[in-house]
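Observations on the model geometry
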Amino acid sequence: MRQSAHDTVVRSISGRPELRHVTQVQEWRIERAMDAAGLVLSITAPDGKSQSFLVAEADANDIGEVLRRNAADAAP
């Protein structure tokens with residue numbers, strides 16, 4: 001299995017990749033922020049825990065580009 005960029009970041013920050021905790025996403029929602037520039041990304045896990053993040057427009061564009069590239073790489 002190829003090492004992901006995320007694994008590299010985890011290692012470079014902590015030196016301990018086992019500290020990374022990954023949870024499945026059950027539901028996600030993206031909404032325009034009313035009082036700030038950017039988008040609100042809300043993610044809910046299967047256990048019902050939810051967290052929301054304010055994502056700057058430039059970061060949202062970068063995330064979209066990474067997802068598009070990964071989807072293209074995974075296509076048969």
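Residues numbered from 1 in each chain as written. Predicted model: local features only at pLDDT ≥ 70, side-chain atom pairs only at ≥ 80, totals over all residues. Heavy atoms only, no water.

On to the pairing of strand S3 (residues 50-55), then. Where strand S2 (residues 39-44) meets S3, six bridges bridge the pair, whose relative direction is antiparallel. Within the sheet, the bridge partner assigned to Ile43 lies in S3 and is Gln51. Hairpin connection of S2 to S3: five residues between the antiparallel strands, including Gly48 at a positive phi of 90°. (Pairing = 2+ DSSP bridges. Helix = DSSP H or I, 4+ residues; strand = E, 2+ residues; numbered from the N terminus.)

Turning to the pattern of salt bridges, a few remarks are in order. All told, the structure shown has five salt bridges when counted by the stated rule. Of the charged contacts, one joins Arg29 and Glu27 as a salt bridge, the two residues approaching to 3.3 Å between their closest N and O atoms. Residue Glu27 is classed as partly exposed on the basis of its relative accessible area, which comes to 41%. With its nearest N and O atoms 3.4 Å apart, the salt bridge here joins Glu65 to Arg69. Linking Glu65 with Arg69, this pair stays in helix H2 (residues 57-74), spanning four residues, or about one helical turn. Judged by relative accessible area, Arg69 falls into the partly exposed class, the value being 49%. Members of the salt-bridge network, linked through shared partners, are Glu27, Arg29 and Glu31. (Salt bridge = Lys/Arg side-chain N within 4 Å of Asp/Glu carboxyl O. Buried < 20%, exposed > 50% of the residue type's maximum accessible area, 1.4 Å probe, protein only.)

Another aspect to go through is the environment of Ile30. Positionally, Ile30 belongs in strand S1 (residues 27-32). C-alpha separation for the pair Ile30 and Val55, spaced 25 residues apart in sequence, amounts to 9.7 Å.

Moving on, we come to the environment of Gln26. Checked against the element boundaries, Gln26 lands in the loop between helix H1 (5-14) and S1. C-alpha of Gln26 to C-alpha of Gly48: the two residues are 22 residues apart in sequence and 8.5 Å apart in space. Contact partners of Gln26, with chain neighbours within four places excluded, come to Thr44, Ala45 and Pro46. (Contact = heavy atoms within 4.5 Å.)

What follows covers the environment of Thr44. Judged by relative accessible area, which is 18%, Thr44 ranks as buried. Residues Thr44 and Thr23 lie 21 residues apart in sequence; the distance between their C-alpha atoms is 9.7 Å. Residue contacts for Thr44: discarding those within four places in its chain leaves Val25, Gln26, Glu27, Lys49 and Ser50.

Turning our eyes to something else, we now look at the pairing of S2. Bridge count between S1 and S2: six bridges; the pairing is antiparallel. Within S2, the residue paired with Arg32 across the bridge is Leu39. Adjacent in sequence and paired antiparallel, S1 and S2 are bridged by six residues, among which Gly38 carries a positive phi angle near 130°.

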